[in-house]
Amino acid sequence: MRKIELEIVALSHSITQTHSYAVVLGEVNGLRRLPIVIGGFEAQAIAVALEKMQPSRPLTHDLMKNFMNAFTIELHEVVISNLQEGIFYAKLICSNNEDTIEIDSRTSDALALAVRFGCPIYTYENILNSAGILLEDPAGKKTTKTTPAAPSISEHERGGDDNLGTLSLEELNTLLQEVLEQEDYIRAIAIRDEINSRKSK
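None of these values were measured; they are calculated from a predicted model. (Residues numbered from 1 in each chain as written. Predicted model: local features only at pLDDT ≥ 70, side-chain atom pairs only at ≥ 80, totals over all residues. Heavy atoms only, no water.)

### Overview of the packing of aromatic side chains
All chains considered together, the criterion is met by one aromatic pair. Ring centres of F67 and F71 lie 5.1 Å apart, and the angle between their planes is 45°; on these two criteria the pair is classed as tilted. Here F67 falls in the partly exposed class, since its relative accessible area comes to 46%. Here the guanidinium or amino end of K3 rests over the ring plane of Y122, the centre of that ring lying 4.7 Å away. The ring of F117 has K65 sitting right over it, with the charged end atom 5.7 Å from the ring centre. (Phe/Tyr/Trp six-rings, centres within 6.5 Å; stacked < 30°, edge-to-face > 60°. Buried < 20%, exposed > 50% of the residue type's maximum accessible area, 1.4 Å probe, protein only. Lys NZ or Arg CZ within 6 Å of the ring centre and 35° of its normal.)

This is the structure we're talking about:
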């Protein structure tokens, strides 16, 4: 199965859900985006590495990298290998002087390590097809944001999770683009899932 390379294009705090974050992976040389909901600690771990900050004491993922380096274990790539019931699964492809092994990992932890090691991130076509979002604007640039600007449209206009079922497919697609412009990827995930559930019926 062909692997598709991804890169971290945004780290977004949810506008509508407190303590929710999304790391947004973009298809290299493509317009598809793969938003993944992560916890606050994991978001911090990724942000610290992206911004090349040096904490006074090593964070958990820094400790893991130091441990791997001490025992000459290299992280070659991260593969987001599966999606089951809305949960992403990842593997770390590592090697030492003798063997190459795959290690199961939470996706958020795998991404935090990928940033620290500077290794590529991959997924498969079927995962991008089922969970990805296609951006209409080809001029997207690589950004990292933890506190996006306040939305210019109200919650009533955008609709809460409870009334997504009352919107038509066309309205959902329009709403999805509006939410993506506001960089509320948590909300975009809910809308995307509603669209996908309609198409599968």
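### Re the confidence of the model for the chain
Should pLDDT be low for a region, the predicted coordinates there are not to be read in detail. Residues at a pLDDT of 70 or more form 84% of the chain, whose mean pLDDT is 83. The weakest mean pLDDT in the chain belongs to helix α5 (residues 155-158) at 33; the strongest belongs to strand β7 (residues 121-124) at 98. (pLDDT = per-residue confidence, 0-100. Helix = DSSP H or I, 4+ residues; strand = E, 2+ residues; numbered from the N terminus.)

### Some thoughts on the sheet that holds strand β6 (residues 100-106)
Spatially, the eight strands line up as an open sheet ordered β6-β5-β4-β7-β1-β2-β3-β8, and their pairing is mixed. The sheet is open, and its two edges are formed by β6 and β8 (133-134), each paired on a single side. Judged from the six bridges that link them, strand β2 (residues 21-27) and strand β3 (residues 32-38) form a sheet pairing that is antiparallel. Note that in β3 the partner of G26 across the bridge is R33. (Pairing = 2+ DSSP bridges.)

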